[in-house]
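Structural characterization, general
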Amino acid sequence: MEGYLYYPGCTLKTKASDYEESAMAVMEALGKPLVEMDDWYCCGAVQSLTTDDLMHQLAPIRTMCCAQEQGEKELVTLCDMCYNVLKQANERVRENPDDLETMNEFQDEDPDYLAEVEIYHLFQILQDMKDDIKKKIVNPLSSLRVTPYYGCMLLRPEKAAIDDTEDPSVMEELLELTGAEVIDNPKRTECCGSYHTVNRSDIVEKRVKEIVGRAVEDGADVIVLSCPLCQFNLEYHQRTTEFEVPVLYLTELLALAFGISVGMKKHKIDPIKKFKEKDILE
Amino acid sequence: MAEEEDKKMIEIYVMGRRYKVPEGLTIMTALEYAGYKYVRSCGCRGGFCGACSTVFRKEGDYKLMMDLACQTAAEDGMFLVQLPFVPAVRAEFEIDELNIEENDNVMLEHYPEIARCVSCNTCTKSCPQDIKVMDYVQASLRGDIDRAAKLSFDCIQCGLCSIRCPADIKHYHLAQLARRIKGRYIDPKSSELEKMVQELKEGKYDEELEKLCDMSEEELKKVYDERKFQKEG
Amino acid sequence: MKVKRDIEFLEKVEELSGQSVNACIRCGTCSAGCPFVEEMDVLPERIFKKIVLGDKEGILEKNTMWICAACFTCSVRCPRDIDIAKIMEAVRQIMLREDIDMVDIENIDNIRELPQLAIVGCFRKETG
């Protein structure tokens, strides 16, 4: 197919629609459009870690089987957590073919999953397209100071890591292409609190104070990431702090640098205001 | 009776008790043949009301199956029980107060357990109407209410999906909410309906209605036979 | 200190996690890297000691495994290659499989604003 088969995941359709919109625009501009899967199912957001739990592996296997049935060997996801679940589930069935057989027998109304689909996060695709990205930059973001935030799911555990778990650089390299000044944040691989935002938001607030606080201390204008849950946590929970740092998806910045107008409608902290301050937008 | 001797008899087990019934009956009529009188779990007898939910096994097949008693043939060796009721409490809501423009989590808000869906597909396998139940639960989770409403259109609320769900989801109530939201907020409004309601409120048809009420049976029959089908002009 | 030893519990944890708890050398690297350790009643490595001793009761009343967010920082840093996140998951599952919930799913204040990821993830880790 021209482009890549794309797995959205539940959150990308409503709460994180800014991410989907900008990613689709960027990939279209790069000549490799993201084509949504015909059928797909919620991956479960977190990987089930016990040896005996096959029930919670059904969801990612079912989705990967749908990709297989569409005749595709590669599946790209935008969401870090979906990437991590699909990747770990895939590796798990490759290491435990008996478990795969059991799951295939249970899902007897559907074809067998053969564990031949490869899972990719968008960054893995983008890092191989650096030259193409450079050519598309018409609006260099040179007055913007950005700091990347990786969170957990792109880097841990090792079998799911897209880069070095302690010292990654994929986002920094992509951000440099936009012309922005990239600020290092030593807390960029520390967990934001994840799903504790549901019933222990005090934990998330503490983490946000530390992570965003450090970014502010080092002079960042915006924080850049790719996980919709981190994006929610880092932006929403700034409300109990004195910070006001917009948290953007990397593809939103790329779209800006490509000169493509995208909505940025769902942000709790308005990035447009910041861009105007920095003369990136009029 | 000679007729009964000619008919082939099969054995079915109802709540563990064995009965001989003629071949060719539905589960429902087979139970009645065996002497059961329905006071629950019976309704339209036409596969539409969802009252006669039945759980059964067939001889030689390990699978636990589910279907409607009025639509399923009784088979030799069938082992069955009926479910007079499936307990699933409906979420409370005021349809006029749901602001779906601002609240894209409206389905999750009323039925948070849909986030526990593991995509096992047990609900779809249980559905006597061949509805893609898991698909509409997933659509609800991702905020695609229109799709959830469309997929669940044929639901007769028999409850068989919910009784086996490991995530304790109340599928048919969820689907009902989706359809109500679609009807109220997503589908285009019918201008003819609004016009008609307005005309009724203004009393445009009051006089005619009173005239009809005062007519004799012969006069009514005459008016009925001579009625016009289409609007003039 | 007398501890009621529950060997079945130790065995169940090892079975569900696929990890050897006895391999732990109490170096403290996991606790040092854990971003949530301040909220925990008891450090992760002390939980392991309790598992090895079969002190099931001593663990079940602690909050350590519920504060854990499965971020895998401990797992990637453990010098003995123990997948600590899996051990935390095993202890959580032993409790959740009694069909209990650690979160009240019907009373989440800001459910309208939360991304589905958070809700799905939380329910997976905290409901039975």
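This is a predicted model, so every value here is computed, not measured.

Procedures and definitions
- Residues numbered from 1 in each chain as written.
- Chains lettered and ligands numbered in written order.
- Predicted model: local features only at pLDDT ≥ 70, side-chain atom pairs only at ≥ 80, totals over all residues.
- Helix = DSSP H or I, 4+ residues; strand = E, 2+ residues; numbered from the N terminus.
- Rg over C-alpha atoms; globule rule 2.2 N^0.38 Å.
- Buried ≥ 20, exposed ≤ 12 C-beta atoms within 10 Å, placed from the backbone.
- Core = buried A, V, L, I, M, F, W, Y, C linked by C-beta atoms within 7 Å.
- Contact = placed C-beta atoms within 7 Å.
- Pairing = 2+ DSSP bridges.
- Axes fitted to C-alpha atoms, helices over the stretch in contact; angles between N-to-C directions.
- Domains from an automatic or database assignment.
- Nonpolar A, V, L, I, M, F, W, Y, C, P; charged D, E, K, R; others polar.
- Parallel < 35°, antiparallel > 145°, perpendicular 65-115°, else oblique.
- Left-handed = near helix turned anticlockwise from the far one by under 90°.
- Right-handed = clockwise from strand over helix to strand, strands pointing away.

A look at the overall build of chain C
- Counting secondary structure elements, chain C contains eight helices and zero strands.
- Secondary structure elements of chain C occur, N-terminal to C-terminal, as α-α-α-α-α-α-α-α.
- In terms of overall dimensions, chain C is globule-like: its C-alpha atoms have a radius of gyration of 15 Å, near the 14 Å expected for 128 residues.
- Scored against the burial criterion, the 128 residues of chain C give a buried share of 45%.

Focus on the overall build of chain B
- Counting secondary structure elements, chain B contains eleven helices and five strands.
- Rg of the C-alpha trace for chain B: 24 Å, well past the compact-globule value of 17 Å for 233 residues, more than 25% over.
- When the backbone C-alpha atoms are referred to their principal axes, chain B occupies close to 65 × 55 × 30 Å.
- Expressed as a percentage of its 233 residues, the buried residues of chain B come to 33%.

Thoughts on the nonpolar core
- With 186 residues, the main nonpolar core has A:Met81, A:Val146, A:Ile223, A:Val224 and B:Ile114 as its most contacted residues.
- Setting aside residues no more than four positions away along its own chain, B:Ile114 makes contact with B:Met107, B:Leu108, B:Val137, B:Ser140, B:Leu141, B:Ile169 and B:Leu174.

Description of the sheet that holds strand 2 (residues 34-36) of chain A
Residues and elements named next belong to chain A.
- An order of 2-1-3-4 is seen for the four strands of this open sheet, with the pairing classed as parallel. Only two strands of the sheet have a single partner each, and these edge strands are strand 2 and strand 4 (118-121). The average undirected angle you get between the axes of adjacent strands in this sheet is 45°.
- Relative to strand 4, strand 3 (residues 74-77) runs parallel, the two sharing four bridges. Counted as the bridge partner of threonine 77 is histidine 121 from strand 4.

Quick look at the domain arrangement of chain B
Residues and elements named next belong to chain B.
- As far as domains go, chain B holds domain 1 (2-82) and domain 2 (95-186).
- Its C-alpha centre places domain 1 at a distance of 30 Å from the equivalent point of domain 2.
- Listed per partner, the contact involves eight residues of domain 1 and seven residues of domain 2.
- Split by residue class, the side of domain 1 that touches domain 2 holds four nonpolar, three polar and one charged.

A look at helix 3 (residues 44-52) of chain C
Residue and element names in this part refer to chain C.
- Listed as buried for helix 3 are Pro44, Glu45, Ile47, Phe48, Lys50 and Ile51.
- For helix 3, the elements touching its buried residues are helix 1 (7-17), helix 2 (29-33), helix 4 (56-60), helix 5 (64-67), helix 6 (73-77) and helix 7 (84-96).
- Glycine 54 occupies a position one or two residues after helix 3 and carries a positive phi of about 70°.

Section: the interface of chain C and chain A
- Contacts between the two partners involve 32 residues from chain C and, on the opposite side, 33 residues from chain A.
- For the side of chain C that touches chain A, the secondary-structure elements that each account for two or more residues are helix 1, helix 6, helix 7 and helix 8 (116-126) of chain C.
- By residue number, the principal contributor to the side of chain C that touches chain A is helix 8 of chain C, which donates nine residues.
- A breakdown of the residues in the side of chain C that touches chain A according to their chemical character gives 19 nonpolar, seven polar and six charged.

Describing the sheet that holds strand 2 (residues 17-22) of chain B
Residues and elements named next belong to chain B.
- Taken together, five strands build an open sheet; the order of strands is 2-1-5-3-4 and the sheet is mixed. Each edge of the open sheet carries a strand with a single partner, namely strand 2 and strand 4 (65-68). Sheet twist, expressed as the average angle between the axes of neighbouring strands with direction ignored, equals 35°.
- Across four bridges, the pairing between strand 3 (residues 53-57) and strand 5 (residues 78-82) is antiparallel. Residue pairing in the sheet places arginine 57 in a bridge with phenylalanine 79 of strand 5.

A word on the pairing of strand 2 of chain B
Residues and elements named next belong to chain B.
- Across six bridges, the pairing between strand 1 (residues 9-14) and strand 2 is antiparallel. Bridge pairing in strand 2 places methionine 9 opposite proline 22.
- Taken together, strand 1 and the strand that follows it, strand 2, pair antiparallel across an intervening segment of two residues, in which methionine 15 is found at a positive phi of about 50°.

A closer look at the environment of A:Leu225
Residue and element names in this part refer to chain A.
- Structurally, the position occupied by leucine 225 is in strand 7 (residues 222-225).
- Considering only alpha carbons, one finds leucine 225 and aspartate 80, 145 residues apart in sequence, at a separation of 9.5 Å.
- Residue contacts for leucine 225: discarding those within four places in its chain leaves Tyr149, Gly151, Cys230, Gln231, Val247 and Tyr249.

Focus on the interface of chain A and chain B
- Taken together, the contact between chain A and chain B spans twelve residues of the former and 13 residues of the latter.
- Its residues assigned to classes, the side of chain A that touches chain B comprises six nonpolar, three polar and three charged.

Re the packing of helix 2 (residues 58-69) of chain A against helix 3 (residues 80-95) of chain A
Residues and elements named next belong to chain A.
- The geometry of helix 2 relative to helix 3 is characterised by a closest axis approach of 9 Å and an angle of 90° between their N-to-C directions. When the interaxial angle is binned, helix 2 and helix 3 end up roughly perpendicular. Contact residues: Pro60, Ile61, Thr63 and Met64 in helix 2; Val85, Leu86, Ala89, Asn90 and Val93 in helix 3.
- Looking at the contact of helix 2 with helix 3 residue by residue, the class counts come to seven nonpolar, two polar and no charged.

Some thoughts on the packing of helix 1 of chain C against helix 7 of chain C
Residue and element names in this part refer to chain C.
- Two elements in contact, helix 1 and helix 7, have axes whose closest approach is 8 Å; the angle formed by their N-to-C orientations is 120°. When the interaxial angle is binned, helix 1 and helix 7 end up oblique. The two elements helix 1 and helix 7 meet at a crossing, and its hand is right-handed. Each of Lys12, Val13, Leu16 and Ser17 in helix 1 lies in contact with helix 7, whose residues at this interface are Lys86, Ile87, Glu89, Ala90, Val91, Gln93 and Ile94.
- Across the contact of helix 1 with helix 7, the residue classes tally to six nonpolar, two polar and three charged.

Details of the pairing of strand 5 (residues 145-148) of chain A
All names here are of chain A.
- The pairing of strand 5 with strand 6 (residues 181-182) spans two bridges and is classified as parallel. Directly across from arginine 145, in strand 6, lies its bridge partner glutamate 181.
- Considered for its hand, the β-α-β crossover made up of strand 5, helix 7 (residues 170-177) and strand 6 is right-handed.
- For strand 5 and strand 7, the ladder comprises three bridges, and the chain directions are parallel. Counted as the bridge partner of proline 148 is valine 224 from strand 7.

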